[in-house]
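Notes for the structure review
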Amino acid sequence: MEPYKLGAWEISQKIRNRELTARECIVSFLSRIDSLEPKVKAYVSVLREAVLKKAEKIDKKVKRGERVGMLAGVAVAVKDNICTKGVKTTCASKILENFVPPYDATVVERIEAEDGIVIGKTNMDEFAMGSSTETSYFGPTRNPWDLSRVPGGSSGGSAAAVSAQEAPLALGSDTGGSIRCPASFCGVVGLKPTYGLVSRYGLIAYANSLEQIGPLARGTYDCALLLSVIGGYDERDSTSVNRAPRDYTRSLGKDLRGLKVGVLRELIGLGTDEAVVKAVLECASKLEEMGALCQEISLPVLSYALPAYYLIAMSEASSNLARYDGVRYGYRTEVDLDWNQVFSKSRREGFGAEVKRRIILGTYALSAGYYDRFFLKSLKVATLIKRSFEKAFQQVDVLLAPTMPLLPFRLGEKIDNPLALYMCDVDTVPVNLAGLPAVSFPCGFHQGLPIGAQVIAPPFREDLALQVSFAYEQAAAFKGRTPTL
Amino acid sequence: MALSKRHISKEEVEHVAWLARLELSEEEKELYTQQFNDILDYFQKLNELDTEGVPPTLHVLELVNVFRKDEVKPSLPPEEALANAPRKRGRFFEAPRIL
Amino acid sequence: MKIGLEIHCQLTSLKTKLFCGCSSDYRGKTPNTFVCPVCLGLPGSLPVLNEKAVELAVMVALALNCEVAPQTFFVRKNYFYPDMPKNFQISQYDVGGSIAIASGGWVGFLVGKTRKTVRLRRIHLEEDPGKLFYHGTIDTSPYTLVDYNRAGIALLEIVTEPELEAPAEARAFLQKLRSILEHLGVSDGGLEGAMRCDANISIEGGGRVEVKNISSFKDVERALTFEIVRQRDLLKKGVKIQTETRHWDDVRRTTLSLRVKEEEQDYRYFLEPDLTPVRISQEMVELLRSRMPELPDARKERFLKAYGLPEYDAEVLTSDRAMADFFEECAKLYDKPKAVANWLMGDVLQCLHSLEVDIDQAKLAPQYLAEMLKLMDRGDISIKIAKKVLWEVMKHGKSPSTVVREKDWWRITDLQTLEGYIAQVFKEYPKAVEDALVDEKTIHYLIGKTMEATGGKADPELTNALIRKKLSQMKKGS
Ligand SMILES: [Zn+2]
């Protein structure tokens, strides 16, 4: 079998057992990338030379009988808003087109410490602002299941790369659904960790209080594996929680008997595509067959999550993105004028339309006179949402909901209507406001397009969410299905 | 197309864009004003919810007193500090003139 | 007239910056070598708070009689400027349930001989921006050079109520504040740019004018005086003073307009999501209080008791930590503290002013002053010579006895030598001698001339006696 078809765990096992060399694997992925990238466009950059050198190093280690890490020889695609030392990190923006970080994000260091190999940087919505990967300065990524459709976003490149077998593992970031949305659209597993579980050091901020880096993989086991590598305390991130490291693969395989699953009524309600509702309800029945106890749960306040999320995210973004002024790094306009004009022009020329939209709206929401009405109000709504989840978790162990209210849509279909695009995030954002973990996994197909369900768990109970996803995956009729490309 | 001023006027968009140091073209100002009114109209939905007496979520985690020790760590190698600068002069970053 | 001050003090006793591990010892270093992803504001970097900075801030709050907040937050102050690595400053502000580390408080100080108290509004921690350099001056430079070595240095902002009523009061207040901070050992005001100040002034019938970029306490008085004269001139001409922000140009010693009210800043404060709240327990406050060193007011009380100094002297000396230290060192070596105080507050201070140095950087060591005072006591030098010796010591750093020896400034007590000088003077001023023979009161002219002839080295009493003796001999002889 071609190595690119293997999962991450299989690859590292085979390399460790000398059934495969890291070099063979990397070469296999590079040629897969070469043949598919013209169609899929998942990557912004591919680290051709560097990865071969790293692979050879790992092969030498194996040969010498030295200990190799959990991700030995495994190619990992990294979203292009995660800093990689000496490798361009662009956020898919013109303003950072040539930015080369002088340091690695903590998650990258951890992957490399486990002998994983960063194979390339993946495409995304500019500064992670979008749900379709269409706002990328480098052009959109395509959905591997249907190239005329979007892969979801903002981690569309990461999801598409994993789905198209251009990498077994990928890192994404999830501010309001940016891992789960593309995981759902591309038919892969993606996890948004509890806020504070994974270090944000090196993640180029969109909305700091909401976002986490998380893993994407074709299967739950690999997803759990990558989470085990990247999770854990980091003294460089003040919001990182100091907890003992955990191996998330260990809870997989536990049966679901007695597990109480709440099906979120509001998220399968009005406006959700019928095919999605059907698939999620079928998923719930399947879980019941496996011994889980499903019940409907209603959290009415969740219908206020979307505006609260956007107001908080845009406000933080307006401040986070102020640093792009063309003095220390990034794009600078050619004209020589005073600083106000040079800053204004550099930012005008460097940012895309959606980024500008969010910066201006965020600036507005924070400005004197609107702060209480918009920003502060949103923070209060966040409190209500967090409380309502806490109450729900007194009744059930996990919650089940659709990841997206609709099927992958066509490129260009929504891009001209910002509000319509924002509405797509209605099911994913509540989790970010409450800082909870959630896994999106494939729960069915409709007309050849994947549908994702998400399992939401209490804080730091990623193990529970992964347990459900893994159990369902083992029983799913479409297990192992991949897109034809 | 005629613009109905509901939440934000074109002049306010201009002012806020200035606060954010974003130059906008006339077309952008028109388009954004319209889009912002649609979006803000939807955001008004929050007003339906009574949040009287509800504390804002300042941090979703209940972490406090996260500190580091006052110990010196290495700074960036000199060549890396300026490596990404669009313009530099000697060891300085070159910013635009002030006035 | 109302003057309010916003003082920015670097916490210079910290080894690192406020939110990163870069060394804070940036002065005189190659530009942009003390920077890292955090203080350069590189995308993806995150701040982590320096624990020691919080402790020092609490100590300052206690020393300034403030109320320490049980829980405090950091916020982002959003505004663009070329010295800002992130175009927001991590600071503290009372917004959305967030409060600064301390509020209230007061500082008592002496203006001339009048006691004055100024209330403080709040104290908060924030990060210093980078430093800008111009080709020429700010208004003509074709570009701006930025050094971020200073960016991220821990600053304590201390905001007063607008209760100061003259530039000299502002200066006296700042002097006392500096002394308190130096006694605490948190900030060395002698370091360039370690204590800076923005001032707002409103004079009757005018708007509030804020003057930024006053980079030393010495310039505060200058900038305020300039601004008051400017505003009064405008008022006289019937021009209304508009609310605006002005820039102090310390080269030309003028202020120039940066922005007027219409463009008033909207800082869009909100909680810094990358930092956690800081909780300051009562136990921590008490622990820090117990570690506090002696402060100027307590030291002043001690000076009154231990050295028997008058209140004014004790206040003046303790308004400057280095001066107070010098005094105590010197008083150990020389047992007339009042004499030491007089010299310090008189001639020494005058020398320091004209040499433009602080006492801890001066070439005068406490043992030199003590030695000089002893030389005087022994009659080896006159007071007039002592003043000259002081100058020499302060200029060249030589000990007083070396100076006196090298310059041959010993007091002339040898009768023969002195009689020689007197004979010479009598010869040169026969008219004066005649006068003195008639009217004894005019003898002082001859004494003065003799002193002059000896370069001040003659013992005045001996000279007096010898001249009288000589005159009476002449009377007898005639
Ligand atoms: Zn630094």
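Residues numbered from 1 in each chain as written. Chains lettered and ligands numbered in written order. Predicted model: local features only at pLDDT ≥ 70, side-chain atom pairs only at ≥ 80, totals over all residues. Heavy atoms only, no water.

1. With respect to the overall build of chain C
Here is the rule: Where helices and strands are cited, they refer to DSSP runs of H or I of at least four residues and of E of at least two residues respectively, numbered from the N terminus. Computation of the radius of gyration draws on C-alpha atoms alone. For the globule rule, the value is 2.2 Å times the number of residues to the power 0.38. When a residue's accessible area, from a 1.4 Å probe over protein chains only, is under 20% of the maximum for its type it is buried; when over 50% it is exposed; and in between it is partly exposed. Only heavy atoms enter the contact rule, under which two residues are in contact if any of them lie within 4.5 Å. For the accessible areas, the method is Shrake-Rupley and the probe is 1.4 Å, while residue cover comes only from the protein chains on display.
Counting its secondary structure elements, chain C contains 15 helices and 18 strands. In terms of C-alpha radius of gyration, chain C reaches 29 Å, well past the compact-globule figure of 23 Å for 478 residues. Here the C-alpha coordinates of chain C stretch approximately 100 × 55 × 40 Å along the principal axes. With 478 residues in all, chain C has 57% of them scored as buried. Pairs at least 24 residues apart make up 68% of the contacts formed inside chain C by residues separated by at least 6 positions. As displayed, chain C has an accessible area near 20,200 Å², and 51% of this comes from carbon and sulfur atoms.

2. A closer look at the overall build of chain A
When helices and strands are tallied, chain A shows 15 helices and eleven strands. Radius of gyration (C-alpha) of chain A: 21 Å, near the 23 Å computed for a compact globule of 485 residues. Seen through its principal axes, chain A has C-alpha atoms that stretch 65 × 55 × 45 Å. Pairs at least 24 residues apart make up 75% of the contacts formed inside chain A by residues separated by at least 6 positions. When the accessible surface of chain A is summed, it comes to about 15,000 Å², and 48% of that surface belongs to carbon and sulfur atoms.

3. Here's the deal with the domain arrangement of chain C
Residues and elements named next belong to chain C. Applied cut-off: Those domain boundaries reflect an automatic or database domain assignment. Throughout, the accessible surface (probe 1.4 Å) given up by two parts as they are put together, summed over both, is called the buried area. For this document, the term salt bridge refers to a Lys or Arg side-chain nitrogen within 4 Å of an Asp or Glu carboxyl oxygen.
By the assigned domains, chain C splits into domain 1 (2–288), domain 2 (294–407) and domain 3 (415–477). Taken over C-alpha atoms, the centre of domain 1 sits 33 Å from the centre of domain 2. The partner domain 2 presents 14 residues to the 17 residues of domain 1 that form the contact. The largest per-residue losses of area from domain 1 upon contact with domain 2 belong to Leu-110, Lys-176 and His-183, which jointly make up 39% of the total buried on that side. On the surface where domain 1 and domain 2 come into contact, there are four salt bridges. For the salt bridge of Asp-358 with Arg-178, the shortest nitrogen-to-oxygen distance reads 3.4 Å.

4. Concerning the sheet that holds strand β2 (residues 88–89) of chain B
Going by this rule: Two strands are counted as paired when DSSP detects at least two bridges linking them.
Overall, antiparallel pairing links the four strands, which are arranged β2(B)-β3(B)-β11(C)-β10(C) in an open sheet. At either margin of the open sheet sits one strand with a lone partner, and together these are β2 of chain B together with β10 (131–134) of chain C. Judged from the four bridges that link them, strand β3 (residues 92–96) of chain B and strand β11 (residues 143–147) of chain C form a sheet pairing that is antiparallel. Opposite Pro96(B), over in β11(C), you have Tyr143(C) as the bridge partner.

5. Overview of the interface of chain A and chain C
Inclusion rule: By the criterion applied in these results, polar contacts are pairs of N or O atoms within 3.5 Å in which, for protein atoms, one can donate a hydrogen and the other can accept it, and in which residues neighboring in sequence qualify only through two side-chain atoms. In this count, Pro and Cys sit with the nonpolar residues alongside Ala, Val, Leu, Ile, Met, Phe, Trp and Tyr, while Asp, Glu, Lys and Arg are called charged and the others, Gly among them, polar.
Contact residues are listed per partner, giving 39 residues for chain A and 33 residues for chain C. For the pair chain A and chain C, the two sides together bury roughly 2,800 Å², of which 62% comes from carbon and sulfur. It is Ser238(A), Arg323(A) and Arg328(A) in chain A that bury the most area against chain C; as a group they hold 21% of the surface buried on that side. Inspection of the chain A/chain C interface yields one salt bridge. Counting the contacts that link chain A with chain C gives 20 residue pairs in polar contact (both at pLDDT 80 or more). For the side of chain A that touches chain C, the secondary-structure elements that each account for two or more residues are α9 (305–320), α10 (339–350), α11 (353–366) and α12 (371–395) of chain A. Sort the elements by how many residues they give to the side of chain A that touches chain C and α9(A) lands first, with four residues. Class assignment for the residues of the side of chain A that touches chain C results in 20 nonpolar, ten polar and nine charged.

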